[in-house]
Amino acid sequence: MHYLKDRGFTHAHAGDITPREVYEGRRVLLRNLAAGAAGVALAGWAGRDALAQVARPGKLATLPGARSAVAGALTMEKLTPYGDATSYNNFYEFGTDKSDPARAAGTLKPRPWTIAVEGEVKKPKVYDLDELLKLAPMEERIYRLRCVEGWSMVIPWVGYSLAELIKRVEPTGNAKYVEFVTLADKSQMPGLRSSVLDWPYVEGLRLDEAMHPLTLLTFGLYGEVLPNQNGAPVRTVVPWKYGFKSGKSIVKIRFVEKEPRTAWVKAASQEYGFFSNVNPAVDHPRWSQATERRIGEDGLFQKKRPTLMFNGYEAQVGQLYAGMDLKKNY
Ligand SMILES: Nc1nc2c(c(=O)[nH]1)N[C@H]1C(S)=C(S)[C@@H](COP(=O)(O)O)O[C@H]1N2
Ligand SMILES: [Mo]
């Protein structure tokens, strides 16, 4: 860890700062300002002081979101440091090492950008990013993200429910699934030279999963637009499923009648199913899914955390799977 001397006190290097106090501080400050509450000067100052410590890249546009009112959308767990959330990534289009995306995704051009919404919808349309940014009010959602590899993070995402977009294009009665196609451009993505996956990276959800208010069409994190390595300029985050279900850098959304053939099902259908709901009772064929490591908490004495059913979102999404055999539908 590097320590910097700053304004008379010592604090950790940017990537090591636990940002919760910092970030919560700003939120407390904003909340107090909004409430006009008296006697909160101390909290306000604490927030401002903390805000001054946030070491951010500073080159990304801000993208604030209002606190979400969607049930389950604001977990109270400690946030993963910004530096970890943006340097420990899976984005195979830029390489398969966790550090590859942060290092190599600078070649991704997130503007101009369009998403073609097509298939079984009454109103197919090619949406420009600027139009998508204005489509619905931006919300902040603090979600756990659990990777199938056995690690997790807690990230304040910014976006709005994918349902906002879906209802505007009016799916037909034949629309049973939604397919997400992500960018596959060799000139921007060096990882496409590898045949580790059958590009483009395709993911899918059942229509009711896609319509669930927790399914987030995501444009930012930590109050800023998405860094390239996190899937700029637009991705999904589906918090009760393993992270790979949340496709990055989406260019097409197709409404279809049959279950989409996703990149991971094509690559290893015995290991990665279409549903891929986080489930501590259903192990991956090569490892247990009962526990997880929280990124940013690494250390000799770090305890593994128990993985929660549906990643802790069972109250919100459990009914989507009523009567289904979750061992078969992994
Ligand atoms: N296009 C694309 N999307 C992707 C991936 C990928 O390789 N390519 N990796 C997935 C996996 S395995 C995870 S865990 C999450 C990681 O998201 P994060 O880096 O923002 O935490 O992105 C998912 N979305
Ligand atoms: Mo993952």
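For the structure, check the block above.
Before going into details, it helps to say that this report is about the structure given with it. Worth saying up front: this structure is predicted, and the values here are computed from it rather than measured.

About the cut-offs
Residues numbered from 1 in each chain as written. Chains lettered and ligands numbered in written order. Predicted model: local features only at pLDDT ≥ 70, side-chain atom pairs only at ≥ 80, totals over all residues. Heavy atoms only, no water. Pairing = 2+ DSSP bridges. Helix = DSSP H or I, 4+ residues; strand = E, 2+ residues; numbered from the N terminus. Near = heavy atom within 4 Å. Nonpolar A, V, L, I, M, F, W, Y, C, P; charged D, E, K, R; others polar. Contact = heavy atoms within 4.5 Å. Polar contact = N/O pair within 3.5 Å; in protein donor to acceptor, adjacent residues only side chain to side chain. Axes fitted to C-alpha atoms, helices over the stretch in contact; angles between N-to-C directions. Salt bridge = Lys/Arg side-chain N within 4 Å of Asp/Glu carboxyl O. Buried < 20%, exposed > 50% of the residue type's maximum accessible area, 1.4 Å probe, protein only.

## A short note on the pairing of strand β5 (residues 125–128)
With 4 bridges joining them, strand β4 (residues 114–119) and β5 adopt antiparallel strand pairing. Note on β5: the bridge partner recorded for V117 is K125. Counting the residues between successive antiparallel strands, the hairpin from β4 to β5 contains 5 residues.

## Side note on the site of ligand 1
Of all residues adjacent to ligand 1, which total 18 residues, the nearest are Y92, E93, R235, S246 and K248. Looking at side-chain class alone, the shell around ligand 1 contains 8 nonpolar, 7 polar and 3 charged residues.

## Regarding the environment of S246
Following the sequence through the fold, S246 ends up in the loop between β12 (235–237) and β13 (250–256). Taking the C-alpha atoms as reference, S246 lies 8.9 Å from G204; in sequence the two are 42 residues apart. Discounting chain neighbours no more than four positions away, the residues touching S246 are R235, T236, V237 and V238. Of the polar contacts made by the side chain of S246, one reaches the backbone nitrogen of V238; its length is 3.0 Å.

## What to know about the sheet that holds strand β8 (residues 177–182)
In space, the 5 strands of this open sheet follow the order β5-β4-β13-β8-β9, with mixed pairing throughout. Each having just a single partner strand, β5 and β9 (202–206) make up the two edges of the open sheet. Neighbour-to-neighbour, the strand axes of this sheet turn through a mean angle of 20°, independent of strand direction. Sheet strands in contact with helix α6 (residues 162–169) are β4, β5, β8 and β13, and its direction is about 55° off that of β13.

## What to know about the pattern of salt bridges
For the structure on display, the rule yields 22 salt bridges. Across the pair R141 and E139 runs a salt bridge, and its minimum N-O distance is 2.8 Å. Note on R141: relative accessible area 0%, which makes it buried. The shortest N-O distance in the salt bridge between R254 and E179 comes to 2.8 Å. On the criterion of sequence distance, the pair formed by R254 in strand β13 and E179 in strand β8 is long-range, its members being 75 residues apart. Looking at R254, the relative accessible area reads 30%, which means it is partly exposed. Among the ionic contacts, a cluster of salt bridges with common partners joins E77, R144, R146, E292, R294, E297 and R305.

## What about the environment of D185?
Position of D185 relative to the elements: it lies in the loop between β8 and β9. Classification of D185 as partly exposed rests on a relative accessible area of 23%. In this structure the C-alpha to C-alpha distance between D185 and P200, which are 15 residues apart in sequence, comes to 8.8 Å. Looking at D185, its side chain comes within polar contact range of the side chain of S187, at 2.8 Å. One polar contact links D185 to Q188, side chain to side chain, over a distance of 2.8 Å.

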